[in-house]
Amino acid sequence: MKSNLRFLLACYFALCSSAAVTHAADDVQKAVAVLQSASNSKVTGMVTFTRSGEDVNVVADISGLTPGKHGFHVHEFGDCSAPDATSAGGHFNPTKHQHGAPDASDRHAGDLGNIEADPSGKAHLELTDKSMKLSGNDSILGHAVIVHEKADDLKTQPTGDAGGRLACGVIGVAKQ
Ligand code: CU
Ligand code: ZN
């Protein structure tokens, strides 16, 4: 009798928690990625993605960079486990486009262009993205943000020739 009750309670909690997850994924308003250093860099930071109607507002604060431009993308896998972050795979590209600038019509969904660090190594970026999704099949949730060693030239296929990976963070659902 006691074990039956325990079993029922376990089922109840399993059902409730899976329903809550489904619900959260359907109407995510905000997501966050905390970026940890990779490739022995000193680069760390945080990126938030906030839904605004059909658009997504992206705000990034990154530090520990060399001054200048650094490629900035959402990559395919939410896996920052490799020391050089290659475990995150290539650019997130669910619609099978070419690599491009964030404002190009032909671009990977993950193409966010560059962030530009000031002389102190800090970069702040705010941009409104019209094609990024926080829900559905092409959602960026569970994928990863990567900051690169070099500038993204916005044209070299399929990487923008942005070099190594200096920081990586998995994108997760955030409290609104
Ligand atoms: Cu990248
Ligand atoms: Zn790309």
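Being a predicted model, the structure only gives us computed values, none of them experimental. (Residues numbered from 1 in each chain as written. Chains lettered and ligands numbered in written order. Predicted model: local features only at pLDDT ≥ 70, side-chain atom pairs only at ≥ 80, totals over all residues. Heavy atoms only, no water.)

## Focus on the environment of Leu141
The topology assignment puts Leu141 in the loop between β6 (123-129) and β7 (144-148). Separated by 109 residues in the primary sequence, Leu141 and Val32 place their C-alpha atoms 8.9 Å from one another. Aside from chain neighbours lying at most four places away, what touches Leu141 is Val28, Ala31, Leu134, Ile171, Gly172 and Val173. (Helix = DSSP H or I, 4+ residues; strand = E, 2+ residues; numbered from the N terminus. Contact = heavy atoms within 4.5 Å.)

## Some words on the state of the cysteines
Applying the stated criterion to the full structure yields 1 disulfide. A disulfide bridge connects Cys80 with Cys168, and the sulfur atoms are separated by 2.0 Å. Judged by the torsion about the S-S bond (-70°), the Cys80/Cys168 disulfide is left-handed. Taken together, the positions of Cys80 in the loop between β4 (68-75) and β5 (111-117) and Cys168 in strand β8 (residues 165-173) put the pair 88 residues apart, joining distant regions of the chain. Judged by relative accessible area, Cys80 falls into the partly exposed class, the value being 27%. Judged by relative accessible area, Cys168 falls into the buried class, the value being 3%. (Disulfide = S-S within 2.5 Å. Buried < 20%, exposed > 50% of the residue type's maximum accessible area, 1.4 Å probe, protein only.)

## Quick look at the nonpolar core
Among the nonpolar cores identified, the biggest contains 31 residues, and Val47, Phe49, Ile62, Leu65, Phe72 and Ile171 are the most heavily contacted of them. If you list the elements that add at least two residues to this core, you get β1 (30-37), β2 (44-52), β3 (55-63), β4, β5, β6, β7 and β8. Tallying contributions element by element places β3 first for this core, with 4 residues. Look past the residues within four positions of Ile62 in its chain and what remains in contact with it is Leu35, Val43, Thr44, Gly45, Met46, Val47, Ile115, Gly121, Lys122, Ala123 and Val147. Counting residues in each nonpolar core, the second largest holds 6 residues, with Ala85, Ala88, Ala144 and Ile146 among its members. (Core = buried A, V, L, I, M, F, W, Y, C linked by side-chain atoms within 4.5 Å.)

## A few points about the coordination of the zinc ion (ligand 2)
Note on the zinc ion (ligand 2): its protein donors are His91 (ND1), His99 (ND1), His108 (ND1) and Asp111 (OD). The metal-donor distances range over 2.0 to 2.1 Å. Here the zinc ion (ligand 2) is ringed by 4 donor atoms whose angles at the metal span 100 to 120°, and the overall shape comes out tetrahedral. Mapped onto the polypeptide sequence, the residues donating to the zinc ion (ligand 2) form the spacing pattern H-x7-H-x8-H-x2-D. In this structure, His99 and His108 share a single accessibility class: buried. (Donors = N, O, S within 2.8 Å, 3.2 Å for Na, K, Ca; no water. Tetrahedral: all angles 85-135°; square planar, octahedral: opposite > 155°, others 65-115°.)

## Focus on the coordination of the copper ion (ligand 1)
Every protein donor of the copper ion (ligand 1) is listed here as His73 (ND1), His75 (NE2) and His148 (NE2), and their distances to the metal cover 1.9 to 2.0 Å. Of note, the copper ion (ligand 1) draws all its donor residues from one chain, in the sequence arrangement H-x1-H-x72-H. Of this pair, His75 sits in strand β4 while His148 is found in strand β7, placing the two residues 73 residues apart along the sequence. Taking relative accessible area as the criterion, His148 reaches 4% and is therefore assigned buried.

## Remarks on the environment of Val56
Mapped onto the elements, Val56 comes out in strand β3. Aside from chain neighbours lying at most four places away, what touches Val56 is Phe49, Thr50, Arg51, Leu127, Thr128, Asp129, Met132 and Leu134.

## Details of the environment of Met46
Within the element layout of this structure, Met46 appears in strand β2. A relative accessible area of 43% places Met46 in the partly exposed class. Not counting chain neighbours up to four residues away, the residues in contact with Met46 comprise Val32, Ala33, Val59, Ala60, Asp61 and Ile62.

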